Amino acid sequence: MRVEVDLAVCENHGQCVFAAPEVFAFDDDERLTYVAEPAAELSTAVRAAAASCPVRAITLVEG
Ligand code: SF4
């Protein structure tokens, strides 16, 4: 699975960080950072993170 976040759409709500802290985080400037190719065992948490994003900024590319 590959993770893509449209940072132009992201409004730093942080739900993704709460749902999958191993993959999503805020840097020192409060900007979202993320692991683009998370480990397979994190896929459930990543899907929950994508579903929780209120502005649908997270796209998952399966495979
Ligand atoms: S939940 Fe969506 S809007 Fe909030 S930080 Fe994550 S990607 Fe950005």
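Before reading on, note that the structure itself is shown above.
Please read all numbers here as calculations on a predicted model, not as lab measurements. (Residues numbered from 1 in each chain as written. Predicted model: local features only at pLDDT ≥ 70, side-chain atom pairs only at ≥ 80, totals over all residues. Heavy atoms only, no water.)

Asker: Before we move on, could you go through the pairing of strand β1 (residues 2–5) and cite the residues and values that matter?
Answerer: Where burial is concerned, the two faces of β1 differ: the one with V3 and V5 is buried and the one with R2 and E4 is not. Of the pairings in the sheet, the one linking β1 to strand β4 (residues 58–61) comprises four bridges and is antiparallel in character. Paired with V5 across the strands is I58, a residue of β4. (Buried < 20%, exposed > 50% of the residue type's maximum accessible area, 1.4 Å probe, protein only. Helix = DSSP H or I, 4+ residues; strand = E, 2+ residues; numbered from the N terminus. Pairing = 2+ DSSP bridges.)

Asker: I'd like a description of the site of the ligand, backed by residues and values.
Answerer: Near the ligand lie 13 residues; those nearest to it are C10, H13, G14, C16 and C53. The residue inventory of the shell around the ligand, partitioned by class, reads eight nonpolar, four polar and one charged. (Near = heavy atom within 4 Å. Nonpolar A, V, L, I, M, F, W, Y, C, P; charged D, E, K, R; others polar.)

Asker: Could you give an account of the pattern of salt bridges, naming the residues involved and the relevant values?
Answerer: Scanning the model with the defined rule gives three salt bridges in all. A salt bridge links E37 to R2, with the nearest nitrogen and oxygen atoms 2.9 Å apart. Of this pair, E37 sits in the loop between β3 (32–34) and α2 (43–52) while R2 sits in strand β1, placing them 35 residues apart in sequence. Notably, a salt bridge pairs D27 with R31, separated by 4.0 Å at the nearest N-O pair. Judged by relative accessible area, which is 56%, R31 ranks as exposed. (Salt bridge = Lys/Arg side-chain N within 4 Å of Asp/Glu carboxyl O.)

Asker: I'd like to hear about the environment of L60, residue by residue, with values.
Answerer: Locating L60 in the fold gives a position in strand β4. For L60, a relative accessible area of 23% puts it in the partly exposed group. It is 4.9 Å that separates the C-alpha atoms of L60 and V3, two residues lying 57 residues apart in sequence. Leave out the neighbours within four places in its chain, and L60 touches M1, R2, V3, V46, R47 and A50. (Contact = heavy atoms within 4.5 Å.)

Asker: With reference to specific residues and values, describe unusual backbone geometry.
Answerer: A negative phi angle characterises most non-glycine residues, just as the trans form characterises most peptide bonds. In this model, N12 sits at a positive phi of 55°, which is unusual for a non-glycine residue. Position of N12 among the secondary structure elements: in the loop between β1 and α1 (15–19). In this structure, E30 takes a positive phi of about 65° despite not being glycine. Take E30: it is sitting in the loop between β2 (24–26) and β3.

Asker: Break down α2 for me, citing the residues and quoting the values.
Answerer: Within α2 the residues assigned to the buried category are S43, V46, A49 and A50. The buried residues of α2 all sit within an arc of 115° when viewed along its axis, so they share a single face. Turned more than 90 degrees off the buried face of α2, the exposed positions are T44 and A51. The elements touched by buried residues of α2 are β1, α1, β2 and β4. (Arc of directions from axis to C-beta.)

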